[in-house]
Amino acid sequence: MRLRMTIYGESHGPSIGIVLDGLPPNITIDLGAIEKEMARRVPGQSPLSTHRKETDQFTIESGFFEGKTTGMALCARIVNHDAHSKDYSLLKDVMRPSHGDYPGYVKSHGANDYRGGGAFSGRLTAPLVFAGAVAKQLLRQKGIVIGAHVARIGSACDRPFHPLGETDETLLHLGDHYLATLDDKVRAVMESVIRSAQEDKDSVGGVIECMALHLPVGLGEPYFDSVESTLSQLLFSIPAVKGVEFGDGFSLAGMRGSEANDPMTIKGDKVVTTTNRNGGILGGLTTGMPLLFRVVVKPTASIYQPQHTVNIKTHEETILEIKGRHDPCIVPRAVPVVEAMTAWALCDLMLCREREL
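Residues numbered from 1 in each chain as written. Predicted model: local features only at pLDDT ≥ 70, side-chain atom pairs only at ≥ 80, totals over all residues. Heavy atoms only, no water.

**Focus: the environment of Thr170**
Put simply, the test is: Numbering of helices and strands starts at the N terminus; helices are DSSP runs of H or I of at least 4 residues and strands are runs of E of at least 2.
Within the fold, Thr170 resides in helix α4 (residues 168-172). In sequence terms Thr170 and Ala133 are 37 residues apart; their C-alpha atoms lie 18 Å from each other.

Encoded structure:
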């Protein structure tokens, strides 16, 4: 990989941030566009999200001068303003079910910062959105467009992307609403599903669908830096993502080859396929068709219902009733993070390709 990223900080520490290495020099960066992307993920935008208030305003510490990248490490810092650490004192010894608390405690030999989940918190996705916002600008210069929507929350489903592509405008305007959907009518249904879980002191998960348009043919480096493996590594770095499928994904298991294969044809001066069951990737390389995949986001682990767990200090079983501020559904705020990691992966693959030419 040509690009490298390092994130730092904890949910309730002084700040969080990111260091980006490998960006070319002399690339114009629009800070306003980055701020717009960051605003899509910030907490407290809706009564259906956590009440923690953070602006996610960033300060670029290095690698940026007079509106352009310098070629040195690009470092951005985001100050934490609204941490209520006392709400998490119980979690020093009592582990949240299905959260990273317990394995994090063991890995750090008990030295982990448990406040707000520490380094395992979704708070650390804010720097990822910064990285993606930078990568998006490099990709837009090459005509590549990325967009994602909430395909499903609980049992409520949005219409899927057309496998042969959507318009650029459709993808670019998905982020105009906190709950990004293609069908405006389903938004209220999804909000009702989230509200119901919230009222039950519970949480709900969902599916995010993402598409990238205008990719060149042959992008990727098989085997271990294929488009699928590069993307999957970054997508699974997003907290709560538990599954990824490309194209028709797991549905392909029920098909014959005659159904699963994408017939090829000539359109103008291009080779295209009449279907896109493989999601725009063959042999680990892009085909020139729209890149299409979905990720599964599990329900938020931190819920307000009593849960059976253990106290690792006393080695006793106990009942946990958490405090703090938590999203009943993290899917809407995860949409810009999925876009960000997609942009970072594709930007890295594009830079590798340009180096070879």
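**Some remarks on the nonpolar core**
Just so we agree on the cut-off: Residues grouped as a nonpolar core are buried Ala, Val, Leu, Ile, Met, Phe, Trp, Tyr and Cys residues, joined through side-chain atoms within 4.5 Å. Three labels apply to residues, based on accessible area from a 1.4 Å probe with only protein chains included: buried if under 20% of the type maximum, exposed if over 50%, partly exposed otherwise in between. Between two residues, a contact is recorded if the distance between any of their heavy atoms is within 4.5 Å.
Among the nonpolar cores identified, the biggest contains 82 residues, and Phe130, Ile153, Ile208, Leu235, Leu291, Phe293 and Val295 are the most heavily contacted of them. Here the element with the most residues in this core is helix α8 (residues 331-356); it accounts for 15 residues. Apart from residues no more than four positions distant in its own chain, Val295 is found in contact with Gly206, Val207, Ile208, Leu235, Val241, Gly243, Val244 and Val338.

**Remarks on the sheet that holds strand β6 (residues 74-79)**
Basically, it comes down to this: One requirement defines pairing of two strands: DSSP has to find at least two bridges between them. Lines fitted to C-alpha atoms define the axes here, with helix axes fitted over just the stretch in contact, and angles between the N-to-C directions of these axes take values from 0 to 180 degrees.
Reading across the sheet, the 4 strands line up as β1-β2-β6-β3 and stay open at both edges, with antiparallel pairing between neighbours. The open sheet has two edge strands with one neighbour each: β1 (4-9) and β3 (58-62). Neighbouring strand axes in the sheet, compared pairwise and without regard to direction, differ in orientation by 20 degrees on average. Of the strands in this sheet, β1, β2 (15-21), β3 and β6 are in contact with helix α3 (residues 125-140), which crosses β2 at around 35 degrees.

**Regarding the UniProt feature "binding site: NADP(+)" (unreviewed entry) in the chain**
Cut-off, in case you're wondering: UniProt positions are given in the numbering used here, feature names are shortened, and annotations may be inferred rather than shown by experiment.
Per the UniProt record, "binding site: NADP(+)" (unreviewed entry) is found at Arg41. By the secondary structure assignment, Arg41 is in helix α1 (residues 31-41). A relative accessible area of 2% places Arg41 in the buried class. If sequence neighbours within four positions are ignored, Arg41 has contacts with Asp56, Gly122, Arg123, Thr125, Ala126, Val129, Arg333, Pro336 and Val337.

**Description of α3**
What counts here: By definition here, a helix of n residues has an expected span of 1.5 Å times n minus one.
Taking 1.5 Å of rise per residue, the 16 residues of α3 would be expected to cover 22 Å, and the 22 Å separating its terminal C-alpha atoms lies within 8% of that figure. Of all 16 residues that make up α3, 15 are buried, and the element is covered over most of its length.

**Let's talk about the packing of α1 against α3**
Stated formally: Roughly parallel refers to an angle under 35 degrees, roughly antiparallel to one over 145, roughly perpendicular to one between 65 and 115, and oblique to any angle outside these ranges. Should the near helix be turned counterclockwise from the far one by less than a right angle, the crossing is left-handed, whereas a clockwise turn marks it as right-handed.
With their axes 9 Å apart at the nearest point, α1 and α3 run at an angle of 140 degrees to one another. Viewed along their axes, α1 and α3 adopt a mutual orientation that is oblique. Where α1 crosses over α3, the handedness of that crossing is right-handed. On the side of α1, the interface is formed by Ala33, Ile34, Glu37, Met38, Arg40 and Arg41, while α3 contributes Thr125, Ala126, Val129, Phe130, Ala133, Val134, Lys136 and Gln137.

**A word on the sheet that holds strand β10 (residues 241-246)**
Taken in spatial order, the 5 strands line up as β8-β7-β9-β15-β10 in an open sheet, and their pairing is antiparallel. Here the strands that pair on one side only, and so sit at the sheet edges, are β8 (156-157) and β10. Relative to strand β15 (residues 291-297), β10 is paired through 5 bridges, and the arrangement is antiparallel. Bridged to Phe246 within β15 is Phe293. Of the strands in this sheet, β7 (145-153) and β8 touch helix α5 (residues 184-199), which is tilted by about 55 degrees from β7. Lying over the sheet, helix α6 (residues 227-235) contacts β10 and β15, oriented at roughly 160 degrees with respect to β10.

**Considering the pairing of β15**
Here β15 lies mainly inside the structure; 6 of its 7 residues are buried. Judged from the 7 bridges that link them, strand β9 (residues 206-213) and β15 form a sheet pairing that is antiparallel. Bridge assignment links Ile208 to a residue of β15, and that residue is Val295.

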